[in-house]
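# A structural walkthrough
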Amino acid sequence: MSDSRAPRIVVLAGGVGGSNFALGVREALRRRGADAASHLTIIANTGDDLWLTGVRLQPDVDSLVYALAGVNDAQRGWGRAGESERVSAELTQWGASWPWFTLGDLDLGLHLARTGWLRDGATASEVIGRMAQRWPLGARILPMTDAEVDTIVTVREGTAERSMHFQEWWTRHRAALTPVRFDNPGVAAASPAPGVIESIADADLVLLAPSNPVVSIGPILAVPGIRDALRDTPASIVGTSPIIAGSVVRGMADVCLAAIGVDSSAAAVAAHYGARADGGLLDAWLIAEEDSVLSANIDASGIAAVVRPLWMRDLDTSAALAEDAMRAGEVHRPRRGQAAR
Ligand code: FO1
C-alpha cells in the first residue's frame, strides 16, 4: 500500500500505556507501508514532570522516547533497560533525594543533559528534538506544552486535607491515599507546544491512547486551545478504553476516576470524554469483548462503540489494536457540521 493511503495520525498519550499503544500505531503504519516518522505525531502528557535533586524529569516523555528508541525497561514499564542505580544510592545517603523514587544512572544522564539544555535556554520541545537526533524514533513526539505544569494531588486525612506532587502520591503511596482532587497549577496560563494545534488540525485521525483519563489525558486536554482544536478538527477521533470488564488495564486509574466521580467502566469513561455531537471528543470508542454488553448504551450516547480485543500483550497485539483504531476512524467519520469543515 502506498504512503499516501496511510492516515496522518495524532496520538494523545501518557507514559507506560501510552508507550505500548504508540509502538502499536507505529508498527501498524509500517505494516501499511507508510513512513511512520512522517505520519505519526504523539502529544505527550507533561503534567507529571518534576524537579528533583536539581534535575528536570519528564517521566511520560521519557517513557515514550525510551520505548520508541527500543532502550526501555519493558518489564518495569519505566526507565532504561540494563540500568544501574549507583548515583541514586549515593543521593539517598546524602538525604538529597526521595528514597522511594529511583533515578537510574542512565536515566540520570538524560536528566542532566536536559537540565543543562533547559538552563541554556532550550524549550522542552527542543530538548525532545535533541533526543530524537540521537535515537530515530519513527514518530514525532511533542510535549503538550513547553510550560512547566505540575499535577498536585490533594488527599483527605481524617478531617484535614493535604497536598503533594503527583509522583509522591503515585510512587510513594501507590495511590492508596484517597484523593479529593487533582490540580494542574500553571495550566490555565500554558500554551500548547509548537506544532500541537497544527498537527491536530492537519490530522486524518486522532487517537486517545488507553492512558489514565484523569492524570495522563486530562492535563493534555486542560492546556488552553487543545480541546477546541480537537472539537474543530476534521479528523475522526477514536479512543481506546483503559478499562476492561470494570478493571483498569494497568496503573491506578480507577482511584483517579473515582476522585472525579466517574465509574470504572468503559461506558462511564466514554461518557466522560463525551460525544462530538454534544460538544465532546469522541466519534468512536474501542471497548473490549468482555464489555460488549455496554455497546448499545455507548452507541445511544452518540459515540460508536467498536468491540475489539484490547489487551496489548506484545507488538503484534498492540499493532492489531492500532489497526482496529485506524479502521474505526475510517468508518466513523465526524458527522457533517460537527467538525469545523
Ligand atoms: N515509578 C515507580 O514506581 N518507582 C520509581 O522509583 C520511579 C522512578 C522513576 C524515575 C524516572 C521516571 O521517568 C519515572 C519513574 N517512575 C517510577 C515512573 C513514574 O513514576 C510513573 O509511572 C509515571 O509518572 C506515571 O505516568
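Residues numbered from 1 in each chain as written. Predicted model: local features only at pLDDT ≥ 70, side-chain atom pairs only at ≥ 80, totals over all residues. Heavy atoms only, no water.

### Quick look at the site of the ligand
The environment of the ligand is formed by Asp48, Pro59, Asp60, Trp78, Trp100, Phe101, Thr102, Asp107, Gln167, Trp170, Thr171 and Arg174. Trp170 places a polar side-chain atom, nitrogen or oxygen, 3.5 Å from an oxygen atom of the ligand. Burial of the ligand by the protein chains amounts to 91% of its free accessible area of 530 Å². Among the elements that take part in the shell around the ligand, helix α7 (residues 166-172) stands out by supplying 3 residues, more than any other. When its residues are assigned to classes, the shell around the ligand shows 5 nonpolar, 3 polar and 4 charged. (Near = heavy atom within 4 Å. Polar contact = N/O pair within 3.5 Å; in protein donor to acceptor, adjacent residues only side chain to side chain. Areas by Shrake-Rupley, 256 points an atom, 1.4 Å probe, with all protein chains shown as cover. Helix = DSSP H or I, 4+ residues; strand = E, 2+ residues; numbered from the N terminus. Nonpolar A, V, L, I, M, F, W, Y, C, P; charged D, E, K, R; others polar.)

### Section: the pattern of salt bridges
Scanning all chains against the criterion turns up 16 salt bridges. Here Arg172 and Glu168 are joined by a salt bridge, their closest N and O atoms 2.9 Å apart. Highlighted residues: Arg172 and Glu168, both in helix α7, separated by 4 residues, approximately one helical turn. As a salt-bridge pair, Arg308 and Asp324 come within 2.9 Å of each other at their nearest N and O atoms. Within this pair, whereas Arg308 is found in the loop between β14 (304-307) and α14 (315-331), its partner Asp324 is found in helix α14, the two being separated by 16 residues in sequence. Looking at Arg308, the relative accessible area reads 33%, which means it is partly exposed. (Salt bridge = Lys/Arg side-chain N within 4 Å of Asp/Glu carboxyl O. Buried < 20%, exposed > 50% of the residue type's maximum accessible area, 1.4 Å probe, protein only.)

### Some words on the sheet that holds strand β2 (residues 40-44)
Strand order in the open sheet formed by 7 strands is β5-β2-β1-β9-β10-β13-β14, with parallel pairing between adjacent strands. Only two strands of the sheet have a single partner each, and these edge strands are β5 (140-143) and β14. The average undirected angle you get between the axes of adjacent strands in this sheet is 20°. The pairing of strand β9 (residues 205-208) with strand β10 (residues 236-240) spans 4 bridges and is classified as parallel. Considered in β10, the bridge of Leu208 is made with Gly239. Where helix α3 (residues 59-69) meets the sheet, it contacts β1 (9-13), β2 and β5, and its direction lies at approximately 150° from that of β2. (Pairing = 2+ DSSP bridges. Axes fitted to C-alpha atoms, helices over the stretch in contact; angles between N-to-C directions. Contact = heavy atoms within 4.5 Å.)

### A few points about unusual backbone geometry
Phi at Ala175 is positive, roughly 60°, even though this residue is not glycine. Locating Ala175 in the fold gives a position in the loop between α7 and β8 (179-183). Phi at Ala245 is positive, roughly 50°, even though this residue is not glycine. Summarising the element assignment, Ala245 is placed in the loop between β11 (243-244) and β12 (247-248).

### Remarks on the sheet that holds strand β6 (residues 152-157)
Across the sheet, which stays open at both edges, the 3 strands sit in the order β7-β6-β8 with antiparallel pairing between neighbours. With partners counted over all chains shown, the strands left at the sheet margins are β7 (160-165) and β8, one partner each. Taking each pair of neighbouring strands and ignoring which way they run, the sheet shows an average axis angle of 25°. Alignment of β6 against β8, held across 4 bridges, turns out to be antiparallel. Bridge pairing in β8 links Val155 to Pro179.

### Here's the deal with the environment of Asp278
Locating Asp278 in the fold gives a position in the loop between α12 (266-273) and β13 (284-287). On the basis of relative accessibility, which here comes to 64%, the residue Asp278 falls in the exposed class. For the pair Asp278 and Ala266, spaced 12 residues apart in sequence, the C-alpha separation works out to 19 Å.

### Overview of the packing of aromatic side chains
One pass over the structure, following the stated rule, counts 9 aromatic pairs. A ring pair is formed by Phe166 and Trp169, whose centres lie 6.2 Å apart and whose planes are at 45°; its orientation type is tilted. Highlighted residues: Phe166 and Trp169, both in helix α7, separated by 3 residues, approximately one helical turn. Trp169 carries the same exposure label as Phe166, and that label is buried. With a centroid separation of 5.4 Å and 75° between ring planes, the pair formed by Trp169 and Phe182 is classed as edge-to-face. (Phe/Tyr/Trp six-rings, centres within 6.5 Å; stacked < 30°, edge-to-face > 60°.)

### Quick look at the packing of helix α1 (residues 16-31) against α3
The packing of two helices is summarised by the inter-axis angle and the distance between the axes. Two elements in contact, α1 and α3, have axes separated by 9 Å at closest approach and are oriented at 40°. Taken as axis vectors, α1 and α3 run oblique relative to one another. Seen along the crossing, α1 lies across α3 with a hand that is right-handed. For the pair α1 and α3, the contacting residues are Gly18, Ser19, Ala22, Leu23 and Arg26 in the first and Ser63, Leu64, Ala67 and Leu68 in the second. For the contact of α1 with α3, the class distribution of residues is 5 nonpolar, 3 polar and 1 charged. (Parallel < 35°, antiparallel > 145°, perpendicular 65-115°, else oblique. Left-handed = near helix turned anticlockwise from the far one by under 90°.)

The analysis is restricted to geometry; functional conclusions fall outside its scope.
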